[in-house]
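# Observations on chain architecture
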Amino acid sequence: MDPDYFMEGILRELQVALEGMENADSVQEKKEYSQIIRNLSQSMGIFFEMASDFVDFEEEI
């Protein structure tokens, strides 16, 4: 999978979730959006960690 495509997708979904949270009326809706945002943020963190490990591997070669 293309890393740029992957990151653009996560960032797009993150933007949608942030906009949804901004427009949410109830506390329950805001809580649901915050969970989505948290999950997407964690996914980005995992991706960056893997990319960092890959760069470290290339530097050793």
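Everything in this summary refers to the structure shown in the same document. Note that the coordinates shown come from a computational prediction; the quantities given were computed from them, not determined experimentally. (Residues numbered from 1 in each chain as written. Predicted model: local features only at pLDDT ≥ 70, side-chain atom pairs only at ≥ 80, totals over all residues. Heavy atoms only, no water.)

### Observations concerning the overall build of the protein
To keep things clear, this is the line we draw: Helix numbers and strand numbers start at the N terminus; a helix is a DSSP run of H or I with at least 4 residues, a strand a run of E with at least 2. Residue exposure (1.4 Å probe, protein chains only): buried if accessible area is under 20% of the type maximum, exposed if over 50%, otherwise partly exposed.
Of regular secondary structure, the protein possesses two helices and zero strands. Among the 61 residues that make up the protein, the fraction classed as buried is 18%.

### Thoughts on the nonpolar core
Rule in force here: Working definition of a nonpolar core: buried Ala, Val, Leu, Ile, Met, Phe, Trp, Tyr and Cys residues. They are joined through side-chain atoms within 4.5 Å. We call two residues in contact whenever any of their non-hydrogen atoms come within 4.5 Å of each other.
Membership of the largest hydrophobic core is limited to eight residues, which are M7, I10, L14, A17, I37, L40, M44 and F47. Those elements that place two or more of their residues in this core are helix 1 (3-23) and helix 2 (27-60). In contact with I37, not counting residues within four places along its chain, are L14, A17, L18 and M21.

### Notes on the packing of aromatic side chains
Put simply, the rule reads: Ring pairs shown here join Phe, Tyr and Trp side chains whose ring centres sit within 6.5 Å, with only the six-membered ring taken for Trp; geometry is labelled stacked below 30 degrees between planes, edge-to-face above 60, and tilted in between.
By the definition in use, this model includes two aromatic pairs. Consider the rings of F6 and F47, whose centres lie 5.0 Å apart with planes at 40 degrees: the pair is tilted. Of this pair, F6 sits in helix 1 while F47 sits in helix 2; the two residues are 41 residues apart in sequence, bridging distant segments of the chain. A relative accessible area of 27% means that F6 is categorised as partly exposed. We classify F47 as buried; its relative accessible area is 17%.

### Focus on the environment of A24
Among the secondary structure elements, A24 is positioned in the loop between helix 1 and helix 2. In contact with A24, not counting residues within four places along its chain, are E29, K30 and Y33.

### Quick look at the environment of P3
Counting through the fold element by element, P3 comes out in helix 1. In this structure, the C-alpha to C-alpha distance between P3 and F47, residues 44 residues apart in sequence, is 8.7 Å.

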